Amino acid sequence: MTIEAVLFDFSGTVFRLEEDESWDVDMTAADGRAFDLHEKAELMRRMTTPVGQLVEFDERGQYAWENRDLDQELHRHAYIQVLRKSGVPSLEQAERLYRRSIDPNSWKPYPDLGETLELLAAQDIPVGIVSNIAFDIRPAFAARGWDSLVRMFALSFELGAVKPDPRIFRAALDKLAVDPEAALMVGDSAEADGGATALGCAFALVDPLPTAERPDGLLRALRAHGLTGRTG
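Residues numbered from 1 in each chain as written. Predicted model: local features only at pLDDT ≥ 70, side-chain atom pairs only at ≥ 80, totals over all residues. Heavy atoms only, no water.

**Q** What's the story with the packing of aromatic side chains in this structure? I'm lost.
**A** Taken as a whole, this structure holds nine aromatic pairs when the rule is applied. Plain terms: the ring middles of Phe10 and Phe15 are 5.1 Å apart, the flat faces sit at 25° to each other, and that makes the pair stacked. Judged by its relative accessible area of 0%, Phe10 is buried. Plain terms: the ring middles of Phe15 and Trp146 are 6.4 Å apart, the flat faces sit at 65° to each other, and that makes the pair edge-to-face. Highlighted residues: Phe15 in strand S2 (residues 15-17) and Trp146 in the loop between helix H6 (138-142) and strand S5 (152-155), separated in sequence by 131 residues. Note on accessibility: Phe15 and Trp146 belong to one class, buried. Members of the aromatic cluster, connected to one another through ring pairs, are Phe10, Phe15, Trp107, Phe135, Phe141, Trp146 and Phe153. (Phe/Tyr/Trp six-rings, centres within 6.5 Å; stacked < 30°, edge-to-face > 60°. Buried < 20%, exposed > 50% of the residue type's maximum accessible area, 1.4 Å probe, protein only. Helix = DSSP H or I, 4+ residues; strand = E, 2+ residues; numbered from the N terminus.)

Take a look at the structure:
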């Protein structure tokens, strides 16, 4: 069937949380030294991994972790614990890092995202963003003038459902008025994003590499499903 709509995951798919020089003041180890590149990368991974649990929690923390994408305060509580248990030495530093992580302006788009959105708009193929997340990511698109290219956002904390729950995909498809069999879901997690296949959607898996290492992954995913575009 011809693809009539494309759904994208957010983190690791169309945007990625990546540190820059301005993060260094907030990323120091207990002995006062700056975290090295490996340690920084591991912190970013722990803040954005779509599935799996990377640290042990107390009872309250476990509940917060399991429901983090449904409630903003639970999200904060869970990830402050993740940061502290991952070597961030103080609550103050963890709070600063956490605030950066939920600031849409701290997220970097993949290099081909603008071209991908424009390609789909030129073919009158509506786009939806389907994300397990506890904060509003719309400003990340609006800041780059891409908000007009995204038809709808299905965000877990607004809908009360997290991927792979079919309800979050169904909400997106209903808003776009497209049958599942005519939709493509693009994401970096076969477990979470691949849940769209339970409804009958096609699925394209992309690698959540650093943005500089994945210049055209979105365009390649579209091309693999019959949507033409540059492939690098």
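**Q** How do you make sense of the pairing of strand S1 (residues 5-8) when you look at a structure like this?
**A** Moving residue by residue along a regular strand, the side chains alternate between the two faces of the sheet. Covered by surrounding structure in S1 are Ala5 and Leu7 together with Val6 and Phe8, the residues of both alternating faces. Bridge analysis of S1 against strand S6 (residues 183-187) gives four bridges, and the strand direction is parallel. Bridge assignment links Ala5 to a residue of S6, and that residue is Ala183. Two strands pair when backbone bridges link them, and S1 and strand S4 (residues 127-131) are joined in this way by three bridges, in the parallel orientation. Of the residues in S4, the one forming a bridge with Phe8 is Ile129. (Pairing = 2+ DSSP bridges.)

**Q** Even after reading the chapter, I still don't get the side chain of Arg214, so can you show me in this structure?
**A** Its location among the elements puts Arg214 in the loop between strand S7 (202-205) and helix H9 (217-224). Within the structure, the side chain of Arg214 is placed 2.6 Å from the backbone oxygen of Thr13, a separation counted as a polar contact. Once you skip the residues sitting within four places of it in the chain, Arg214 turns out to touch Gly12, Thr13, Tyr110, Pro111, Val206, Asp207, Pro208 and Leu209. (Polar contact = N/O pair within 3.5 Å; in protein donor to acceptor, adjacent residues only side chain to side chain. Contact = heavy atoms within 4.5 Å.)

**Q** I keep staring at helix H2 (residues 59-66) and nothing clicks. Help me out?
**A** Because an α-helix completes one turn every 3.6 residues, residues spaced three or four positions apart along the sequence face the same direction. Looking at H2, one finds that the buried residues are Gly61, Ala64 and Trp65. An end-on view of H2 places all buried positions within 100° of arc, on one side of the element. Away from its buried face by more than 90 degrees, H2 exposes Glu59, Tyr63 and Glu66. In this structure, the buried residues of H2 make contact with helix H3 (72-85). (Arc of directions from axis to C-beta.)

**Q** Could you clarify how one ought to interpret the packing of H3 against helix H4 (residues 91-101) in this entry?
**A** For any two helices packed against each other, the geometry comes down to the angle between their axes and how far apart the axes lie. Relative to each other, H3 and H4 sit at 125°, their axes nearing to 9 Å. In terms of their interaxial angle, H3 and H4 are classed as oblique. H4 is crossed by H3, and the crossing has right-handed handedness. Only Leu91, Ala94, Glu95, Leu97 and Tyr98 of H4 make contact with H3, whose side of the interface consists of Gln72, His75, Arg76, Tyr79, Ile80, Leu83 and Arg84. Within the contact of H3 with H4, the residues separate by chemical class into seven nonpolar, two polar and three charged. (Axes fitted to C-alpha atoms, helices over the stretch in contact; angles between N-to-C directions. Parallel < 35°, antiparallel > 145°, perpendicular 65-115°, else oblique. Left-handed = near helix turned anticlockwise from the far one by under 90°. Nonpolar A, V, L, I, M, F, W, Y, C, P; charged D, E, K, R; others polar.)

**Q** Can you walk me through helix H8 (residues 166-176) in this structure?
**A** Along H8, the residues classified as buried are Ile168, Phe169, Ala172, Leu173 and Leu176. One face of H8 carries all of its buried residues, which in axial projection span an arc of 130°. Along H8, exposed side chains directed more than 90 degrees from the buried face belong to Arg167 and Lys175. Packed against the buried residues of H8 are S1, S4, S5, helix H7 (156-159) and S6. Count one or two residues on from H8 and you reach Ala177, which has phi positive near 55°.

**Q** Looking at this model, I keep getting lost on the layout of surface pockets. Mind explaining?
**A** If a probe as big as a water molecule is rolled over the atoms, it shows which places are left empty. Considering only enclosed or pocket space, the second largest pocket measures out at about 270 Å³ in volume. Lining the second largest pocket are 14 residues, with Arg16, Arg45, Thr48, Thr49 and Pro208 positioned closest to its centre. For the lining of the second largest pocket, the elements supplying multiple residues, two or more each, are S2 and helix H1 (37-48). The leading source of residues in the lining of the second largest pocket is H1, at five residues. Looking at side-chain class alone, the lining of the second largest pocket contains six nonpolar, four polar and four charged residues. The residues that make up the lining of the second largest pocket include at least three from each of domain 1 (5-16 + 107-225) and domain 2 (17-105). (1 Å grid on protein atoms, 1.4 Å probe; cavity = no way out; pocket = protein on both sides within 12 Å on 5 of 7 lines; lining within 4 Å. Points joined across faces, edges and corners; volume = space filled by probe spheres on them. Domains from an automatic or database assignment.)

**Q** Hey, could you run me through the pattern of salt bridges in this one?
**A** Pairing is possible between side chains of opposite charge, provided their charged atoms come close. For the structure shown, the criterion picks out eleven salt bridges. Between Arg138 and Asp136 there is a salt bridge, and its shortest N-O distance comes to 2.9 Å. Overall, Arg138 belongs to the partly exposed group, its relative accessible area being 27%. Overall, Asp136 belongs to the partly exposed group, its relative accessible area being 31%. (Salt bridge = Lys/Arg side-chain N within 4 Å of Asp/Glu carboxyl O.)

By themselves, these figures tell us nothing about what the structure is for.
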